[in-house]
Amino acid sequence: MIKKALTKMDILTLGLMLFALFLGAGNIIFPPYLGQLAGDQLFVAITGFLLTGVGLPLLGILAIAKAGGDLQSIAGRVHPLFGIVFTLIVYLAIGPFFGIPRTATVAFEIGASPFLPASFADSFWSLLIFTFVFFAITVLFAMNPTKLVDRIGKILTPLLIVVIGLLAIKSFLTPMGPIKSPIGNYDTEAFFESFLQGYLTMDAIAALVFGIVIIQSIRSKGITDTRIILRTTAYAGFIAAIGLSAVYLSLSYIGATSVEAIGLQDNGGMIIAMASRVLYGEIGGIILSAAITFACLTTSIGLVSATAQFFFKILPKFSYITYVFLFASFSATIANVGLTQLIAISLPVLLAIYPVAIVLVVLSFFDHLFYRKPFVYVIALSVTAVVSIFDALRSTGIAFEQIDSIFQYLLFFEQGIGWILPAVIGTSIGIIIARSTHSKN
């Protein structure tokens, strides 16, 4: 049966489902850490973070809805090979390289480490044993995906929201301490520093995968009109964006007011775990730990299953079960570097990937202006990739003085987003060429 529109309740349900898809480990751990470092520059910092942590994922969802396909179909506009390669990179990033291992390390930092003896918690064996058990459970459920994971998610996501809400309310009513002065780059570059930190949530590239889930859900309810699908997706996206913004604002404020009570910590997982005990005592820590541990486990199962299904689709030489074991084992290995180290390793990779994804998404909204000519995508993405890869190398301490002396003239280069101007210029040149050659034909 074909419908003309969904009910408000259907749209609300879609919005909450999208919010639940986004609400993962990264969404919990980065805002508190940002809050501690930003201090009294919190408002400026959270603005930059919301642009990349909320605004870009919303654009990604809308881009997929507008295209009426998936990430591979959009990336394929550049070239079919690029469509496959870029999609593989995105799945590997949000999957076994960073996204899946991070679920285990966050669960360990918040759900296990605070309850272990200090001598054992800091040992190599504690994380190793935890990740083995964590991914053994992940494999067990991912091998035979059922609605059980969905049901757990429907219970745990609201529970997690309630827990975060209670922590936020308590921190507003009885703050743990005063907001301190900003630390490091947040003293002078709070906006740009947090703009880059928003990359770490990985939601902008995850949105390129989640988009098709929302579209399929809308179509399953009898909606076939492309314009209605786009409009419905936009409503659902805004609902998810409001929810994410509220979570980020709450957690960053908790972090900003926590320094005096718990001191500066190495990562947001430690901050939120320790803050929950200051605000609500031992019972608060136990409830938060249980909610986040199971939420991370649910996310891990979903990501392992999705990644295995994708690889089985493009490389069916190996079975789905084989991919499940492969990605779970690989993720367990990566997870054992620890949360703080994992975040440090992921930043350079995301600095290289994110700008390309952003430009790809933006171009998809107005590619009718250049008749969807592939060379326009190639020009824009090539110049973007050159600068973003150089930025990624610089973040690791690798510097090329001659290139650096040239790139320093780029707008916002020192702030880590020097790719913007080349992307605009490359796009403009491509559009001019496309329109001039089209008119001659």
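Everything discussed here concerns the structure shown above.
Now for a description of the structure that goes with this document. Keep in mind that this is a model prediction, so the values were computed, not measured.

## Quick word on the overall build of the chain
Consideration 1: The secondary structure content of the chain amounts to 19 helices and 0 strands.
Consideration 2: Taking 2.2 N^0.38 as the reference for a compact globule, 441 residues should give roughly 22 Å; the C-alpha atoms of the chain span a radius of gyration of 22 Å, in line with that estimate.
Consideration 3: The principal-axis extent of the C-alpha atoms belonging to the chain is close to 75 × 60 × 45 Å.
Consideration 4: Residue burial in the chain is summarised as follows: out of 441 residues, 53% are buried.

## Quick notes on the pattern of salt bridges
Consideration 1: One pass over the full model with this rule turns up 5 salt bridges.
Consideration 2: Where Asp 225 meets Arg 227, a salt bridge forms, and the shortest distance between an N and an O atom there is 3.5 Å.
Consideration 3: Note on Asp 225: relative accessible area 28%, which makes it partly exposed.
Consideration 4: Assessed through its relative accessible area of 64%, Arg 227 is described here as exposed.
Consideration 5: Between Arg 372 and Asp 367 there is a salt bridge; the shortest N-O distance is 3.1 Å.
Consideration 6: Note on Arg 372: relative accessible area 42%, which makes it partly exposed.
Consideration 7: The structure contains a network of salt bridges with shared partners spanning Arg 77, Asp 367 and Arg 372.

## A few points about helix H2 (residues 25–38)
Consideration 1: Compared with the 20 Å implied by 1.5 Å per residue over 14 residues, the 21 Å span of H2 between its first and last C-alpha is a close match.
Consideration 2: Of all 14 residues making up H2, 13 are buried, and the element is well covered by its neighbours.
Consideration 3: Within two residues after H2, Gly 39 carries a phi angle of roughly 55°, on the positive side.

## Re the packing of aromatic side chains
Consideration 1: In the structure shown here, the tally under the stated rule is 20 aromatic pairs.
Consideration 2: A ring pair is formed by Tyr 91 and Phe 310, whose centres lie 4.1 Å apart and whose planes are at 5°; its orientation type is stacked. Placement of the pair is Tyr 91 in helix H5 (residues 80–97) and Phe 310 in helix H14 (residues 268–314), with a sequence separation of 219 residues.
Consideration 3: The structure contains a cluster of three or more aromatic residues connected by ring pairs, namely Tyr 91, Phe 310, Phe 311, Phe 318, Tyr 323 and Phe 327.
Consideration 4: Taking NZ or CZ as reference, Lys 170 lies 5.9 Å from the ring centre of Tyr 280, over its face.
Consideration 5: When the ring centre of Phe 115 is taken as reference, the NZ or CZ atom of Arg 277 above it lies at 4.7 Å.

## A word on the nonpolar core
Consideration 1: Counting residues in each nonpolar core, the largest one holds 138 residues, and the members touching the most others are Phe 86, Tyr 199 and Ile 205.
Consideration 2: Among the elements that take part in this core, H14 stands out by supplying 16 residues, more than any other.
Consideration 3: Those residues in contact with Tyr 199, other than ones at most four positions away along the chain, are Thr 52, Leu 350, Leu 351, Tyr 354, Pro 355, Ile 358, Ile 417 and Trp 419.

## Side note on helix H16 (residues 339–365)
Consideration 1: Between its terminal C-alpha atoms H16 stretches 36 Å, which fits the 39 Å expected from 27 residues at 1.5 Å a residue.
Consideration 2: Along its length, H16 reaches its greatest deviation from straightness, about 35°, at Leu 350.
Consideration 3: Among the 27 residues in H16, 19 count as buried, and that is most of the element.

## Examining the packing of helix H3 (residues 42–67) against helix H11 (residues 203–219)
Consideration 1: Running from amino to carboxyl end, H3 crosses H11 at an angle of 40°, the nearest separation of the two axes being 8 Å. Here H3 lies oblique to H11, going by the angle between them. Read as a crossing pair, H3 and H11 show a hand that is right-handed. From H3, Gly 53, Leu 56, Pro 57, Gly 60, Ile 61, Ile 64 and Ala 65 reach across to H11, where they touch Asp 203, Ala 204, Ala 207, Leu 208, Phe 210, Gly 211, Ile 212 and Ile 215.
Consideration 2: Classifying every residue of the contact of H3 with H11 gives 11 nonpolar, 3 polar and 1 charged.

## Describing unusual backbone geometry
Consideration 1: Look at Met 202: it is not a glycine, yet its phi comes out positive at around 65°.
Consideration 2: Turning to its location among the elements, Met 202 is positioned in the loop between helix H10 (190–197) and H11.
Consideration 3: The exposure class assigned to Met 202 is buried, which follows from its relative accessible area of 3%.
Consideration 4: A positive phi is found at Tyr 371, a non-glycine position, where the angle reads about 55°.
Consideration 5: Within the secondary structure, Tyr 371 is located in the loop between H16 and helix H17 (374–395).
Consideration 6: Tyr 371 sits in the partly exposed class, given a relative accessible area of 34%.

## Structural notes on the environment of Gly 69
Consideration 1: By secondary structure assignment, the location of Gly 69 is in the loop between H3 and helix H4 (71–75).
Consideration 2: Taking the C-alpha atoms as reference, Gly 69 lies 11 Å from Ile 214; in sequence the two are 145 residues apart.

## Here we look at the environment of Gly 255
Consideration 1: By the secondary structure assignment, Gly 255 is in helix H12 (residues 226–256).
Consideration 2: Taking relative accessible area as the criterion, Gly 255 reaches 0% and is therefore assigned buried.
Consideration 3: Apart from the residues within four sequence positions on either side, Gly 255 is in contact with Pro 32, Gly 35, Gln 36 and Ile 271.

Cut-offs used in this document
Residues numbered from 1 in each chain as written. Predicted model: local features only at pLDDT ≥ 70, side-chain atom pairs only at ≥ 80, totals over all residues. Heavy atoms only, no water. Helix = DSSP H or I, 4+ residues; strand = E, 2+ residues; numbered from the N terminus. Rg over C-alpha atoms; globule rule 2.2 N^0.38 Å. Buried < 20%, exposed > 50% of the residue type's maximum accessible area, 1.4 Å probe, protein only. Salt bridge = Lys/Arg side-chain N within 4 Å of Asp/Glu carboxyl O. Expected span 1.5 Å × (residues − 1). Phe/Tyr/Trp six-rings, centres within 6.5 Å; stacked < 30°, edge-to-face > 60°. Lys NZ or Arg CZ within 6 Å of the ring centre and 35° of its normal. Core = buried A, V, L, I, M, F, W, Y, C linked by side-chain atoms within 4.5 Å. Contact = heavy atoms within 4.5 Å. Bend = angle between axes of the 7 residues up to and from the residue. Axes fitted to C-alpha atoms, helices over the stretch in contact; angles between N-to-C directions. Parallel < 35°, antiparallel > 145°, perpendicular 65-115°, else oblique. Left-handed = near helix turned anticlockwise from the far one by under 90°. Nonpolar A, V, L, I, M, F, W, Y, C, P; charged D, E, K, R; others polar.

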